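Each chain, letter by letter, is given below.
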Amino acid sequence: MAVDELHRALAKLDKLERQERYLVKMLSEIRKVIEAQKLKIDDLGPPAINRLPTELLLQIFTLCIPDPKFPEKPLHRIVGVSRRWRDVVWNNASFWTSIKVTQMHREKSLKKQLKKSRKAFLDIWIEDWDYDEKDDVDDKFQALLAAIVPHANRWRSLTIHSHRMPTEYVESILAELNHLSVTSLREFSIIGNPSDDPPGPYPDFLSPTCTLALQHLTLEPSFQLDTFMALPTLKTLHLTFAEENHFPPVISMLTPAHSLTSLVLDGDSTRWSLKRNDLHLPLLEHLTLNLNNPVPFLEAIVASKLRYFRCWFYEPMEFDTIEGKFRNTHDLFLEVDDWGAESLCRAFPGARRVQLSAWSTSFFMAGIHGSAGDLERRPPIDQWLYLETVTIDGLNCQWLDRWELDDPIVKWLRGRQESGLSRLCVRLPQIEADNDRLSTYYALLGRYCNLEILP
């Protein structure tokens, strides 16, 4: 009896296992049919990209625009893909906020773009207005200016390129602005070469009571700055000073700008009245000075976060009064002749990345004598103990012709290696010269540094 019962149980188990295998096979086949049916539905339905939410498409399209000033070309390609993509672009105000006022633009198309931008903030560029004797040019300029003025409350940035632009055009723009409310303006720039004309009055609309939100200000042509007062909201500032017959109040001008992270000063600083450590700029990271006497300003500022310093030194000067003052400044761009190198290096002891002119040979040669490059002492540049990268501008055929095999850069790098100093990355521009000669020079440099040739 027990044996019969066992046989029946085994038979039933075998039957159940065969049913299980059959069902598993059927399930596998059904799953394959389901996947095939999904693919068929996908093929018959709209493309997957057209099923993306509009918000995601907008983000993708925005990433396809490398320069917000020139969205036309990438947008033209996008709207040609499909009707939906075209509708997404045409119906979104953010793609129509880059407003360019030039001689090539028509009043009708400008007004159409302003309408499409709805209530979005606007970025405006006024440029490419060359002198022209045609009467309709003046009329066109005034018409385009009149088209954008009613939207002044939406202006987020305004950039005026005054290169070759008639002075009266710039004056008419500024006169119009002085009567407008531009409370949304975050950035204002006038970019152009300094004019021989006397500096004009500082624009009224840039007063602290009119542009409460201004963060970026660039004034390349000089203005009368006696009434200028830096706004506490400013993050970047570029001022150009004309030659003055009195002492401009530079310290009081800049004292309120505690939020400044970048400062550029151009022009004549001969008659500035400055006191040592009198100007505190706690957030300043970038400083560019194109002044005829920058040292007094460097004595006056206190900027513990200064990381990048760019300066042109036109006259012989010493830097002993600022020795060690800017220890946290890591990036230097210097245009300097063959003087003051020792004290200049001591002023910025924390330099890591430096850009120099090839003709500033005192940085490389001081202390080197003889054709073999023997050292009486280390050149000034080796005072920078944390130096990592040196970019050398101005190398050309004349440089190679002048030095031949007595090159000061090679001498300096070889001396570093022989002294056990760290190996540097040296970056050079492309040189137009005989290929064999150039290859030999590059190979020689490559023995003593990690050489990079800039495009």
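In this text, all values refer to a predicted model and were calculated from it rather than measured experimentally.

Caption draft 1: Structural view of the pairing of strand β18 (residues 389-393). Taking burial as the measure, the five residues of β18 include four buried ones, the bulk of the element. Of the pairings in the sheet, the one linking strand β15 (residues 353-357) to β18 comprises five bridges and is parallel in character. Across the sheet, Ser357 pairs through a bridge with Asp393, a residue of β18.

Caption draft 2: Summary view of the side chain of Arg154. With respect to the helices and strands, Arg154 occurs in the loop between α6 (135-148) and β3 (155-161). Of the side chains bearing the opposite charge, Asp123 lies closest to the buried Arg154, which forms no salt bridge; the N-O distance is 10 Å. Among the polar contacts listed, one links the side chain of Arg154 to the backbone oxygen of Ala120, at a separation of 2.6 Å. If sequence neighbours within four positions are ignored, Arg154 has contacts with Leu114, Ser117, Arg118, Lys119, Ala120, Phe121 and Leu122.

Caption draft 3: Broad picture of helix α2 (residues 54-63). Among the residues of α2, those classed as buried are Leu57, Leu58 and Phe61. One face of α2 carries all of its buried residues, which in axial projection span an arc of 105°. Residues of α2 that are exposed and point more than 90 degrees away from the buried face comprise Glu55, Gln59 and Leu63. Tucked into the core, α2 has its buried residues touching α3 (72-79) and α4 (83-90).

Caption draft 4: Seen up close, a nonpolar patch on the surface. A cluster of nonpolar side chains, Tyr22, Leu23, Met26, Ile30 and Ile34, forms an exposed patch at the surface whose accessible area comes to about 480 Å². Along the chain, Ile34 turns up in helix α1 (residues 2-44).

Caption draft 5: Region of the structure containing the environment of Phe363. Looking at the secondary structure, you find Phe363 in helix α11 (residues 362-365). Residue class for Phe363 comes out buried when judged on its relative accessible area of 0%. In this structure, the C-alpha to C-alpha distance between Phe363 and Trp412, residues 49 residues apart in sequence, is 9.2 Å. The residues contacting Phe363, other than those within four sequence positions of it, are Leu334, Val336, Ala341, Leu344, Cys345, Leu356, Pro379, Pro380, Ile381 and Trp384.

Caption draft 6: Structural detail: the pattern of salt bridges. Tallied over the full model, the rule gives 14 salt bridges. We note a salt bridge from Glu323 to Arg346, for which the minimum N-O separation is 3.3 Å. Residue Glu323 is located in the loop between β13 (308-312) and β14 (331-335), and its partner Arg346 is located in helix α10 (residues 341-347); the two are separated by 23 residues in the primary sequence. For Glu323, a relative accessible area of 47% gives the class partly exposed. When the shortest N-O distance is used, the salt bridge between Asp331 and Arg353 registers 2.8 Å. Here Arg353 lies in strand β15 and Asp331 lies in strand β14, a separation of 22 residues in the sequence. Judged by relative accessible area, Arg353 falls into the partly exposed class, the value being 33%. Taken together, the shared-partner salt bridges in this structure form one network comprising Asp331, Arg352, Arg353 and Glu388.

Caption draft 7: Region of the structure containing the state of the cysteines. Inspection of the entire model under this criterion finds zero disulfides. Take Cys425: it sits in no disulfide, and the sulfur closest to it among the cysteines is that of Cys449, at 7.7 Å. Among the residues examined, Cys425 registers a relative accessible area of 14% and is labelled buried.

Caption draft 8: Structural view of the nonpolar core. Residues Trp155, Phe188, Phe297, Phe363 and Trp384 are the most contacted members of the largest nonpolar core, which totals 111 residues. The greatest single-element share of this core, amounting to six residues, is contributed by α6. Discounting residues that sit within four places of it in the chain, Trp384 has contacts with Leu332, Leu334, Cys345, Phe348, Pro349, Ala351, Val354 and Phe363. Formed by 12 residues, the second largest nonpolar core is a distinct cluster that contains Phe61, Leu75, Val88 and Phe95.

Rules used throughout
- Residues numbered from 1 in each chain as written.
- Predicted model: local features only at pLDDT ≥ 70, side-chain atom pairs only at ≥ 80, totals over all residues.
- Heavy atoms only, no water.
- Buried < 20%, exposed > 50% of the residue type's maximum accessible area, 1.4 Å probe, protein only.
- Helix = DSSP H or I, 4+ residues; strand = E, 2+ residues; numbered from the N terminus.
- Pairing = 2+ DSSP bridges.
- Lys, Arg positive; Asp, Glu negative; His and termini not counted.
- Salt bridge = Lys/Arg side-chain N within 4 Å of Asp/Glu carboxyl O.
- Polar contact = N/O pair within 3.5 Å; in protein donor to acceptor, adjacent residues only side chain to side chain.
- Contact = heavy atoms within 4.5 Å.
- Arc of directions from axis to C-beta.
- Patch = residues over 30% accessible without salt bridge, like charges linked within 9 Å, V, L, I, M, F, W, Y side chains within 5 Å.
- Areas by Shrake-Rupley, 256 points an atom, 1.4 Å probe, with all protein chains shown as cover.
- Disulfide = S-S within 2.5 Å.
- Core = buried A, V, L, I, M, F, W, Y, C linked by side-chain atoms within 4.5 Å.

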